[in-house]
Amino acid sequence: MDSVDELQPPDRLLMGPGPSETHPRVLRAFGTPPIGHLDPAFVEVMDETQDLLRETLRTDNEWTIPVSGTGSAAMEAAVGNLLEPGETMLVPGNGYFGGRMAEMARRAGGEAVTIETPWGEPLDPEDVRAACAEHDPDVVGVVHAETSTGVRQPSMPAITEAAHDHDAFVLADCVTSLGGIEFRMDEWGVDAAYSAGQKCLSCPPGASPLSISDGAMEKVLDREDPVRSWYLDLSLLEGYWGEERSYHHTAPVNNIYALREALRLIHEEGLVARWERHRRFSGALREGLWALGLEPVVAPSARLPSLTTARLPGGLAPGAVVETMREEHDVEIATGLGAFADEAVRIGCMGHGARRGPVLETLGALGETLS
Ligand code: PLP
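Counting restarts for each chain: residues are numbered from 1 in the order of the written sequence. Owing to the predicted nature of the model, reporting of local features is limited to residues with pLDDT of at least 70; listing and counting of side-chain atom pairs is limited to 80 or more, with chain, interface and lining totals taken over all residues.

Taking an unreviewed UniProt entry as the reference, the chain is identified by name as Alanine--glyoxylate aminotransferase family protein belonging to Natronomonas aquatica. According to the UniProt record, the Cofactor (unreviewed entry) comment for the chain is "pyridoxal 5'-phosphate". In its Sequence similarities (unreviewed entry) section, the UniProt record describing the chain reads: "Belongs to the class-V pyridoxal-phosphate-dependent aminotransferase family." UniProt positions are given in the numbering used here, feature names are shortened, and annotations may be inferred rather than shown by experiment.

Structure, rendered in structure tokens:
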């Protein structure tokens, strides 16, 4: 084999659906030499990371950890632990990630029932209520921020109320919302929530937030069938992240360093101020997009600040625009997904990217690309 050059990836501005721009302090933390995953000094880092996660999720849940792996690992941990074989899970049909939830529910031995809602629209809590009455689910899944469509689910408390009236647990995907838009786990009655590092937390992917209420964890610990995944079985992970701090698997030490620093940045900025910053800069990004002739896909009340889905002017092909942005301007945006693949682009405004410089650079590059 010929020699391979030292790694030198291109210098891109990441304004797609994730990964987002990483804060330099987070990169520095990521590059810190690792210590042992059972070293008392690392146990302190674990404690601090858990506390910061609770603050960011707005929860007091004891059971709040970074799962080793990307957002899908945290998603699979949530679905696979909470849903037992033979049980039913309601999943949203209004985007790509609801479909992934359904697939995971089936692989966990459960039945998935889809609440049919058009792509580009949020769930109606009344539809959730009706579906609960019809299917008597054990778990109701909600995607708080659907990255495939740019839809924010605005009525979380009404959905959790509908689910709880039927004794179902609510599992929320907040991969593209945590740290970018309002999410209040305890106040909204969410029983399990998961996220990922590489969106509004502006962290490299690899350690993903997961939080489970005491009630939901009781169900997990009372399971008759062991969780099908050994790696993601929360009753085993309890040994490492709970009181004991005993070995289960080798934690991705550097990912946890990075996540801790990303959460520390949120603590310094203030969560509410950070939500407001995302609102402000995504608003500016959108005004620029509309001025360039792009058109929104999602109605204003359900638009997700961290991700905008927009149709291009003059029937331009999204793939060609995305390629020109990347190859000629070093700016990453993405095409639509699923139902919107051929007609829209997706532009992120997340974490360290939700600032004046990245927004103006993206609009400038897009203006040149479209001219
Ligand atoms: N859920 C949503 C809403 C997402 O946007 C993503 C990733 O983009 C995932 C889950 C899966 O996360 P990951 O790609 O980090 O595994």
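Additional details are given in the paragraphs that follow.
A.B. asks: Could you give an account of the overall build of the chain, with specific residues and numbers?
C.D. replies: Secondary structure is summarised from DSSP: a helix means a run of H or I of at least four residues, a strand means a run of E of at least two, and numbering begins at the N terminus for each. Along the chain, the regular secondary structure elements total twelve helices and 15 strands. Every radius of gyration here is taken over C-alpha atoms, with the globule rule written as 2.2 Å times N^0.38, N being the number of residues. Here the chain has a C-alpha radius of gyration of 20 Å; the compact-globule value for 371 residues is 21 Å, and the two agree. Overall, the C-alpha framework of the chain stretches about 60 × 55 × 50 Å when taken along its three principal axes. Counting the 371 residues in the chain, one finds 51% classified as buried. Think of it this way: build a C-beta for each residue from its backbone, and any pair within 7 Å is a contact. Sequence-distant contacts, at least 24 apart, represent 73% of the contacts inside the chain between residues at least 6 apart. With C-beta atoms placed from the backbone, a residue is buried if 20 or more other C-beta atoms are within 10 Å of its own, exposed if 12 or fewer are, and partly exposed between those counts.

A.B. asks: Explain the pairing of strand S10 (residues 207-212) to me, using residue names and the numbers behind them.
C.D. replies: Taking burial as the measure, the six residues of S10 include six buried ones, the bulk of the element. Residues Ala207, Pro209 and Ser211 line one face of S10 and the alternating positions Ser208, Leu210 and Ile212 line the opposite face, and both faces are buried. Only strands joined by at least two bridges in the DSSP assignment are considered to pair. Where strand S2 (residues 63-68) lies against S10, six bridges are found, and the strand directions are antiparallel. Bridge pairing links serine 68 to alanine 207 in S10. Sheet analysis places strand S9 (residues 192-194) next to S10, joined by three bridges and oriented antiparallel. Bridging across to S10, tyrosine 194 finds its partner in leucine 210.

A.B. asks: Before we move on, can you summarise the site of the ligand with the specific residues and values?
C.D. replies: The immediate surroundings of the ligand are formed by 14 residues, with Thr70, Gly71, Ser72, Thr147 and Val175 found nearest. For the shell around the ligand, the element with the most residues is helix H3 (residues 71-82), which contributes three residues. In the scheme used here, Gly and all other residues not listed as nonpolar or charged are polar, with Ala, Val, Leu, Ile, Met, Phe, Trp, Tyr, Cys and Pro taken as nonpolar and Asp, Glu, Lys and Arg as charged. Partitioned by chemical class, the residues of the shell around the ligand number seven nonpolar, six polar and one charged. Whether a residue is near a molecule or strand depends on its C-beta atom, generated from backbone atoms, being within 6 Å of that molecule or strand.

A.B. asks: With reference to specific residues and values, describe the nonpolar core.
C.D. replies: By definition, a nonpolar core groups buried Ala, Val, Leu, Ile, Met, Phe, Trp, Tyr and Cys residues that connect through C-beta atoms lying within 7 Å of each other. Core analysis: the largest hydrophobic core is formed by 111 residues, its most contacted members being Ala78, Val79, Leu82 and Ala105. Counting residues per element, this core draws most heavily on helix H9 (residues 253-269), at eight residues. Among residues more than four places away in sequence, those in contact with valine 79 are Met101, Met104, Ala105, Ala108 and Leu171.

A.B. asks: Got a sec to walk through the packing of helix H5 (residues 125-135) against helix H6 (residues 156-165)? Specific residues and values, please.
C.D. replies: At a minimum axis distance of 9 Å, the contact between H5 and H6 shows a crossing angle of 10°. Accordingly, the angle class assigned to the pair H5 and H6 is roughly parallel. Of the two possible hands of crossing, H5 and H6 adopt the one that is right-handed. Together, Pro125, Val128, Arg129 and Cys132 of H5 and Ala158, Ile159, Ala162 and Ala163 of H6 make up the contact between the two elements. In the contact of H5 with H6, the residues fall into seven nonpolar, no polar and one charged. To get an axis, fit a line to the C-alpha atoms, keeping to the stretch in contact for a helix; angles then go from 0 to 180 degrees between the N-to-C directions. Orientation labels follow simple angle bins: below 35 degrees gives roughly parallel, above 145 gives roughly antiparallel, 65 to 115 gives roughly perpendicular, and whatever is left gives oblique. Should the near helix be turned anticlockwise from the far one by less than a right angle, the crossing is termed left-handed; should it be turned clockwise, right-handed.

A.B. asks: So what's going on with the sheet that holds S2? Residues and values would help.
C.D. replies: Hydrogen bonds between backbone groups are what pair the strands of a sheet, and the pairing can be parallel or antiparallel. Reading across the sheet, the seven strands line up as S2-S10-S9-S8-S5-S3-S4 and stay open at both edges, with mixed pairing between neighbours. Sheet topology places S2 and strand S4 (111-115) at the edges, where each strand pairs with a single neighbour. Averaged over all pairs of adjacent strands, the angle between strand axes in this sheet comes to 20°, irrespective of strand direction. Of the strand pairs in this sheet, strand S8 (residues 169-173) and S9 are connected by three bridges, and their pairing is parallel. Within S9, the position partnered with alanine 172 by the bridge is alanine 193. Contacts from H3 reach S2, strand S5 (139-143), S8, S9 and S10, with the element oriented near 25° to S10. Strands in contact with helix H4 (residues 96-107) are strand S3 (88-92), S4, S5 and S8; relative to S3, the strand with the most contacts, it is inclined by about 165°.

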